[in-house]
Structures are given as structure tokens and as C-alpha cells.
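Survey of secondary and tertiary structure
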Amino acid sequence: MAGYLLKNCAAVIVDEGKGPVVHRNVDLLTSGPAIVAIGENLEADALPVGTAVQDAAGWFVYPGLVNTHHHFFQCFVRNRADLDWTKLSVIEWLDRIYPIFSQLNEECFYHSSVTAMAEMIKHGCTTAFDHQYNFPRHAGKRLIDRQFEAAELLGMRFHAGRGGNTLPKSEGSTIPDEMLETTDEFIADCARLIESYHDTSPFSMRQVVVAPCQPVNCYRETFVESVALARDRGVMMHTHVGEGESPVIQARHGMRTVDYLEELGFAGPDAFYAHCWELTHDELRKMAASGTGVAHCPEPVYLVGAEVTDIPAMAAFGLRIGLGCDGAASNDNSNLMHCLHSGYMLQCLVASGRAHPVPPPVDFLGYGTSGGASLLGRRDIGRLAPGMAADLFAIDTRRMDYVGTRHDPLSLIARVGIGMATDMTMINGRIVWQKGEFPGLDEAKLSADAEAALSAVEF
């Protein structure tokens, strides 16, 4: 893999650490996994042997998107109108959907991961974090191993969140017995995965995150042991917070979730929480002070019908913010690009009632790129600049869809939205999607194999 010269890009979104700026009519050169140069008139005849020259006229080139929350396995439980948030309470919905989750087998977890990552790649996502907390006993323990296999097939940069649930339903959780693990089981498998896959080298394609599912469905000791393991091995931590559970945690432990997790040590620059829509401003300030990040998932807001997450306050208080698709049970797609647009538009919807102004559209691009990289503890992804990973996507703007918009590439995705797949997605210097195809892969066969795995399960 020598590299690529993207010639005559209409615009490249460059960020050398001081924020994104637009460079017009420039070339972008990669070598191996890294970006080497961005500038005018990079000479093709002076490049290393084997460098492929790609005509990029009309292209807007963006840093690859970084997903910070998902549940890949839920791709096999989507487009289910009977599981309608608007007609069910959260507890009713969980009681109905968890028994469905518990029936998935190992092949389902593999093929649903291929399905989710393929859709994400088509829409510009180059690094995916998945929160895999569903371990039905019959499916075995090698489910995340299969996810790494799927990521390697597609060329996706993958951070695996090893989740788990330890509190029985008889003690107040919503988890069927088939999905329960002991704390010892959970911690042991986290340790195994870290030992087997976690790679801290530059441009790493595989990392592991310790990610107990959520405080309401785990024993206190599960979080205590998670902190001990994560800090000992130097890995990130993740869980669900602020999605309606705070009153339950208050009743059980005498404090709301943010205070509970901070007391346990599950907070800090090595921790990030998903959702956080119900948190108070004081709780957000406490998270900002500790360095704890937020993986904001805008699209579940439509289905939950709860308040719109206060992103303006989070930004004003200095929280680290990333974006996530969330699982298909509360978002029936894996299109992080769309989340930039829906996230911005939702904030505009409620702007008049908020104490802080909506961040500009470019900030939402930042949440989906450098912000996500920060949550995952990565300094080599999330920006386009020499020395950074060659993770990027390109949109050919010579279409009617973009007439009148091309003057502001920074705001385009969040404000206007992108209604189609990218023209090219590159991960770690390798083109993984171009001209409507996954090079070297048969999408029709991938789709058929996934459908076959799904049809073998009786819900």
C-alpha cells in the first residue's frame, strides 16, 4: 500500500490542531496509513513508486467520522413497528425487546456487525465504537472476537466496548436471565479481550473499552471492578447514563447516577457516557470538571420523546462531546453522517427555550470527528493534517443537491445534510468504499449471508 494522490480537490477540511479550516483547490497525498501532505500542485512525477493518482475535481474531502456509541447487534431487530416507543413506557419497551435480543446467536452477532459497519462506511464513518452488552448464554463468549473479524473484513477501525449485565431481574433490572453474567465472568472476558486485541500503537485498528451496560442493570461491584481493570490496563471506560435511570439510582443508592459513578471512580478523562439527556446543569458541570465525555445520540430523541439533550449547555461548560448512531432499537439506521444533521436541527428546534445558544454547524462536524477521537482517547484520528491517519471521505459536489451550498463546506453536512452515500471512503490509507462498491467484496453476497443468518432465528 504505497499511497494515493487526490488531485485537484475542490475543498479539503484541514485541522492542524487549532480548528478546521477550508483549503480550496489543493491536493492531498497519503503514504501507507498516514497523510503526508496537503497543498497546491503536489507533483505526481515526484511521488513514491506505486502511488495512485485519483482525480478529485469537485470533491469536498472531510475527516472520517468517529462513532462513539452503537449496538451493532440491534441491526437484526429493526423496522419493528410493533416496538413503538410512542405507545410504550421505557420499562415496557425494555421488557418486550430484551427477550428478542436474548435469542440472537453467534452468527447473528457477526453478520449484524458487518451490516452496521458497512452502512457506516458508506456514509463516511471510519472509526466505529460499539457497545456490545448482549451475551446470551447459548451464543458463547466469542462475540466481540467475531466483531473484530467483521471489522477486518471491511477495513473498519474498530473500538470494541465489552459490555455486560450482572443484576438479575428479580433484583430490579430489566435483563432476562439468558443475558446475565456474573461480575467475574464479565471482568475475565474484558481482560481476555484486552490481552488479545488491544493495540496502542500509532494508527491502531483495534482497541478495547471496558463498558458495563448501565448502572441500573449491574451490581455496584461490577463498576468497581471495571474501574480497577481499566485503570490497570490503561483502557477507556463507557456506560449508559442519564436516560431515565437517575431516579432509580437515587432510590437504590441515595444519589443520582453522575454522583454514584463519580463516587465509584467511573469518571474522568478515560471515561465517557452515552446519552445524558436528563442531567442537570450541575451534573454537567461536574462531568466537565472531571473530564468525563458525552457520546450524544440525537436520533433516539425522536423515539424516546424525552427532552432534547442540552448540547449548548454541555458545550458552554466545556464537556468533551462526540456523536453516536445508537443501536437500531432506537435508531433504525447506522448513518452517523445523518446524525450530524439531525443533531444540529434538533438543537435549533428548542433553541428559544435554552439558556445557551446553539453551537454553529461546524461544531457538529467537530463532534463527529475530533470530538469522537477525544472520547476514544485517540490523537491520531479525527483531523486531516500531515502525520494524521489517512481516514477521510469525499463528496462530489458537482450535483444539483449542492447548488448554492458550496461556499461553506464546514457547515454543509450539519446544516444541509447529505442524502446519499459518499463518493469515496478511505480508512488507514486504504480505499474501502468507492463508486458504490466495497472494493474486493461482493455486497450482494454480504447482504444475502446476513439475511440468511437473521432468518435462522425465530423471534
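Residues numbered from 1 in each chain as written. Predicted model: local features only at pLDDT ≥ 70, side-chain atom pairs only at ≥ 80, totals over all residues. Heavy atoms only, no water.

**Topic: the overall build of the protein chain**
- The secondary structure content of the protein chain amounts to 14 helices and 16 strands.
- For the protein chain, with 459 residues in total, the buried portion stands at 61%.
- In the structure as shown, the protein chain presents an accessible area of about 17,000 Å², 51% of it carried by carbon and sulfur atoms.
- Within the protein chain, the 57 negative side-chain charges are centred at a point lying 2 Å from the centre of the 36 positive side-chain charges. (Helix = DSSP H or I, 4+ residues; strand = E, 2+ residues; numbered from the N terminus. Buried < 20%, exposed > 50% of the residue type's maximum accessible area, 1.4 Å probe, protein only. Areas by Shrake-Rupley, 256 points an atom, 1.4 Å probe, with all protein chains shown as cover. Lys, Arg positive; Asp, Glu negative; His and termini not counted. Charge placed at Lys NZ, Arg CZ, Asp CG, Glu CD.)

**Some points on the pattern of salt bridges**
- Within the structure shown, the criterion is met by 28 salt bridges.
- The partner of arginine 142 in a salt bridge is aspartate 145, with the nearest N and O atoms 3.1 Å apart.
- Looking at arginine 142, the relative accessible area reads 47%, which means it is partly exposed.
- Judged by relative accessible area, which is 8%, aspartate 145 ranks as buried.
- We note a salt bridge from arginine 192 to aspartate 145, for which the minimum N-O separation is 2.8 Å. In this pair, arginine 192 sits in helix α4 (residues 183-197) while aspartate 145 sits in helix α3 (residues 143-154), placing the two residues 47 residues apart along the sequence. (Salt bridge = Lys/Arg side-chain N within 4 Å of Asp/Glu carboxyl O.)

**Regarding the pairing of strand β11 (residues 271-275)**
- Taking burial as the measure, the 5 residues of β11 include 5 buried ones, the bulk of the element.
- Of the pairings in the sheet, the one linking strand β10 (residues 237-241) to β11 comprises 5 bridges and is parallel in character. Pairing of histidine 238 across the sheet is with phenylalanine 272, part of β11.
- For β11 and strand β12 (residues 293-296), the ladder comprises 3 bridges, and the chain directions are parallel. Bridge pairing in β12 places tyrosine 273 opposite valine 294.
- Assessed by its sense of winding, the connection that carries the chain from β11 through helix α8 (residues 281-290) to β12 is right-handed. (Pairing = 2+ DSSP bridges. Right-handed = clockwise from strand over helix to strand, strands pointing away.)

**Focus on the side chain of glutamine 132**
- In this structure, glutamine 132 sits in strand β7 (residues 125-132).
- One polar contact links the side chain of glutamine 132 to the main-chain carbonyl oxygen of asparagine 134, over a distance of 2.6 Å.
- In contact with glutamine 132, other than residues within four places in its own chain, are Phe73, Phe109, Leu143, Ile144, Gln147, Gly161, Arg162 and Gly163. (Polar contact = N/O pair within 3.5 Å; in protein donor to acceptor, adjacent residues only side chain to side chain. Contact = heavy atoms within 4.5 Å.)

**A few points about the packing of helix α11 (residues 336-349) against helix α13 (residues 409-416)**
- Relative orientation of the contacting elements α11 and α13 amounts to 75 degrees, with a least axis distance of 6 Å. Viewed along their axes, α11 and α13 adopt a mutual orientation that is roughly perpendicular. Where α11 approaches α13, its residues Met337, Leu340, His341, Tyr344 and Met345 are matched on the opposing element by Ile413, Ala414, Arg415 and Val416.
- Looking at side-chain class alone, the contact of α11 with α13 contains 7 nonpolar, 1 polar and 1 charged residues. (Axes fitted to C-alpha atoms, helices over the stretch in contact; angles between N-to-C directions. Parallel < 35°, antiparallel > 145°, perpendicular 65-115°, else oblique. Nonpolar A, V, L, I, M, F, W, Y, C, P; charged D, E, K, R; others polar.)

**Focus: the nonpolar core**
- Of all hydrophobic cores here, the largest spans 115 residues; its most connected members are Tyr62, Phe101 and Met156.
- The element contributing the most residues to this core is helix α2 (residues 106-122), with 9 residues.
- There are two domains that each give this core at least three residues, and those are domain 1 (3-64 + 382-434) and domain 2 (66-376).
- For tyrosine 62, the contacting residues outside a window of four places in its chain are Ile13, Leu365, Leu384, Asp391, Leu392, Phe393, Ile395, Pro409, Leu412 and Ile413.
- Residues Leu6, Leu384, Met424 and Met426 belong to the second largest nonpolar core, which totals 18 residues. (Core = buried A, V, L, I, M, F, W, Y, C linked by side-chain atoms within 4.5 Å. Domains from an automatic or database assignment.)

**Overview of the domain arrangement of the protein chain**
- According to the domain assignment, the protein chain contains domain 1 (3-64 + 382-434) and domain 2 (66-376).
- Of note, the centres of domain 1 and domain 2, computed from C-alpha atoms alone, are 29 Å apart.
- With 33 residues of domain 1 at the interface, the matching set in domain 2 holds 29 residues.
- Between domain 1 and domain 2 lies a buried interface of about 2,300 Å² when both sides are counted; carbon and sulfur atoms form 67% of it.
- Run the count over domain 1 and domain 2 and you get 1 salt bridge.
- In this structure, aspartate 391 engages arginine 157 in a salt bridge whose closest nitrogen and oxygen atoms are separated by 2.9 Å. (Buried area = accessible area lost by both parts, 1.4 Å probe.)

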